[in-house]
Structures are given as C-alpha cells and as structure tokens.
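Listed here are the chains, written in short residue letters.
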Amino acid sequence: MKIVLFRGTNRTFVPKINLYCYIKIMVVFSEDHIQETRRRGRIEVICGSMFSGKTEELIRRLKRAKFARQRVEIFKPAMDTRYSEEEVVSHDSNSIASTPIDSSASILLFSSDKDVVGIDEAQFFDEGLVDVCNQLADNGIRVIVAGLDMDFKRIPFGPIPALLAIADEVTKVHAICVKCGNLAYATHRITKSDKRVLLGEKADYEPLCRACYMESLKEETENK
Ligand SMILES: Nc1ncnc2c1ncn2[C@@H]1O[C@H](COP(=O)(O)OP(=O)(O)O)[C@@H](O)[C@H]1O
Ligand SMILES: Cc1cn([C@H]2C[C@H](O)[C@@H](COP(=O)(O)O)O2)c(=O)[nH]c1=O
Ligand SMILES: [Zn+2]
C-alpha cells in the first residue's frame, strides 16, 4: 500500500508554523491481489532490452503465484543453455525450475492442469506461440511471457510484437545505459556478427539509451 500526499480538499492545521496544508490521502493499490490469485485467463507480457529485469520480474510473479498455491509451470527454449539447461536464471542469479522445450506446441501438452504458465526468452519461440498463449488464456490460465522486444538491430523480435498486440497487460522494463546512466531502450551488440540469434552476455551485448546507441552505430560505421 502506498500513501500519496498532495493538495486536495481536506484542510489540516499545522499549529507551530501556522500553516494550512491541503492534504488528501489517496490509497494506491500497487498490487492487485484478486488478479494474482483468482483463476482467470489473461496474457501478461514483460518486455525490454537485455539486462532490463525481464527475467527477474517473471520469476517474482511466478514465485508469488506459487506462494498463493497456484499450480505453476515455466517454459524456456531448449536452445537457451546460457546459465542452466533446466532453470530460468536471471543475470543476478535469481532462478526458478523450468521445462526446456523446442516448440511452442509443447506448452499445451504440459499446461492443461495449471493455473499459471510462465514463458521466458519468448523471442526465440516460433510464431505459433501467439495462438498457444491465446488458447491458454481463453481456457482460464494466467500466462506471463518475458522476452526481448527488439533484436540488436532494433527490429521487433520473433513473436513478441504480436504478443504485445494481444496481451491484456504489457510491462516494459528498462536497463541502465552503460555509457551515460540514462534509461536504456535497446541492446547493442559488441561482438562482430550479423546473425540474428547469438546467445550471449555482457561480453557480447550492452544496454544503451537511444543517443548512445546511435553514437555507437556511428562509430562502428566510421571504423569500418
Ligand atoms: N546496465 C544494467 N542495467 C540494469 N541492470 C543490470 C545492468 N547490468 C547488469 N544488470 C543486472 O541485471 C539484472 C537483471 O537481470 P535479468 O532479469 O536477467 O534481465 P533481463 O532478463 O531483462 O536480461 C539486474 O538486477 C542487475 O543486477
Ligand atoms: C539483442 C539480441 C540478443 N540475443 C540473445 C542474447 C541472450 O542470449 C538473449 C537475451 O537474453 P536476456 O535474458 O534478455 O538478457 O538473446 C540474440 O540472440 N540476438 C539479439 O539480437
Ligand atoms: Zn546513454
């Protein structure tokens, strides 16, 4: 619960400094508990650049669902073996058990008796993921998807743009630009490769704001 104070209609007298303050207390519910526990189908998408906290936010929501005794299943693409074959792991080493799969169709096979389904690195899945998520949500399952909104060229990545369109709720998270400290919005590839899919970490990628991203592209062109 967050309490916000601002000018409003209720007048409160503060005697010592002989000042009238106009205080209105508004209660803001930053967590909607009913949404978290009631079994109701919906699609939530968490997107952003690399290092923006997508996996952390996904893990946070899934762990809370487990605390609420919801039946939870988490999927990730089998090809993403960076930190672990079986777990979803964040850059800060938070982790949760997961089921690695090769195709989005497998999600339906494992999800019939679940309340909540989490999907990490969704940009690597096939376009069928969009229909799969809709089917799950239509059947009363809460679906939470995390993935890169753009590749290193800033082109919308895999099924993510379509998922953003059909989502009930979209959360865009931001890393910190490693060059200037502003909010980052894109992922710059450091390693020289033009392949769209290149698994990697800090040695290969850095989150940048728009100005620093443009500056990096300019430098790369000049150094060619
Ligand atoms: N430049 C950065 N900005 C923000 N967080 C960073 C940065 N570099 C490393 N991190 C770490 O990355 C964590 C987020 O990791 P993670 O949830 O796996 O991100 P994502 O899934 O979006 O790549 C942060 O909590 C922080 O510890
Ligand atoms: C931008 C970009 C990233 N990748 C890869 C690099 C990482 O292995 C994942 C993203 O992981 P994160 O959890 O979001 O940090 O995707 C890629 O293959 N191609 C790209 O353009
Ligand atoms: Zn910057």
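Residues numbered from 1 in each chain as written. Chains lettered and ligands numbered in written order. Predicted model: local features only at pLDDT ≥ 70, side-chain atom pairs only at ≥ 80, totals over all residues.

The protein carries the name Thymidine kinase in an unreviewed UniProt entry, which gives Phocaeicola dorei CL02T12C06 as its organism. Recorded in UniProt under Sequence similarities (unreviewed entry), the annotation for the protein is "Belongs to the thymidine kinase family." (UniProt positions renumbered as here; feature names shortened; annotations may be inferred.)

Q: What exactly am I supposed to notice about the site of ligand 2 here?
A: Taken together, 14 residues lie around ligand 2, and M50, D151, F152, T187 and L199 are the ones closest in. A class-by-class count of the residues in the shell around ligand 2 yields seven nonpolar, three polar and four charged. (Near = placed C-beta within 6 Å. Nonpolar A, V, L, I, M, F, W, Y, C, P; charged D, E, K, R; others polar.)

Q: I tried to follow the environment of A165 on my own but got confused; where do I start?
A: Position of A165 relative to the elements: it lies in helix α5 (residues 160-166). Sequence separation between A165 and E127 is 38 residues; the distance between their C-alpha atoms is 13 Å. (Helix = DSSP H or I, 4+ residues; strand = E, 2+ residues; numbered from the N terminus.)

Q: Can you walk me through the sheet that holds strand β8 (residues 116-119) in this structure?
A: Taken together, the six strands give an open sheet; going across it, the order is β7-β4-β8-β9-β3-β10, and neighbouring strands pair in parallel fashion. Looking at the sheet topology across the chains shown, the edges are occupied by β7 (99-101) and β10 (169-173). The average angle at which neighbouring strand axes cross in this sheet is 20°, direction not considered. Helix α2 (residues 54-67) rests against β3 (42-48), β4 (72-77), β8, β9 (142-148) and β10 of the sheet, and its axis sits at about 165° to β9. (Pairing = 2+ DSSP bridges. Axes fitted to C-alpha atoms, helices over the stretch in contact; angles between N-to-C directions. Contact = placed C-beta atoms within 7 Å.)

Q: Can you walk me through the site of ligand 1 in this structure?
A: If you check the shell around ligand 1, you find 15 residues, and the closest are K54, T55, E56, S90 and H91. Ranked by the residues each element gives to the shell around ligand 1, the list is headed by α2, at three residues. A per-class count over the shell around ligand 1 returns six nonpolar, six polar and three charged.

Q: How should the UniProt feature "active site" (unreviewed entry) in the protein be read in this particular structure?
A: Sequence positions flagged by UniProt for "active site" (unreviewed entry) are, in local numbering, E121. Mapping E121 onto the fold places it in the loop between β8 and α4 (128-138).

Q: Even after reading the chapter, I still don't get the nonpolar core, so can you show me in this structure?
A: What tends to happen in soluble globular proteins is that the nonpolar side chains get buried as a cluster. Formed by 45 residues in total, the largest nonpolar core has its most connected members in L62, A122, C133, V143 and V145. Within the residue set of this core, elements represented by two or more residues are β3, α2, β4, β8, α4, β9, α5 and α6 (210-222). Per element, the largest residue contribution to this core is six residues, and it comes from α4. Look past the residues within four positions of V143 in its chain and what remains in contact with it is I43, E44, V117, C133, L136 and A137. (Core = buried A, V, L, I, M, F, W, Y, C linked by C-beta atoms within 7 Å. Buried ≥ 20, exposed ≤ 12 C-beta atoms within 10 Å, placed from the backbone.)

Q: Looking at this model, I keep getting lost on the pairing of β4. Mind explaining?
A: Remember that side chains alternate between the two faces of the sheet whenever the strand is regular. Counted residue by residue, β4 has five buried out of six residues, so it is predominantly covered. Where β4 and β8 come together, four bridges link them in parallel fashion. Considered in β8, the bridge of V72 is made with V116. Bridge analysis of β4 against β7 gives three bridges, and the strand direction is parallel. Pairing of F75 across the sheet is with T99, part of β7.

Q: Sorry, what's going on with the environment of I43 here?
A: Locating I43 in the fold gives a position in strand β3. Judged by C-beta crowding, with 23 C-beta atoms within 10 Å, I43 ranks as buried. Sequence spacing of I43 and E121 is 78 residues, and the spatial spacing of their C-alpha atoms is 15 Å. When residues no more than four places from it in sequence are discounted, the contact partners of I43 are C133, A137, V143, V145, I166, A167 and D168.

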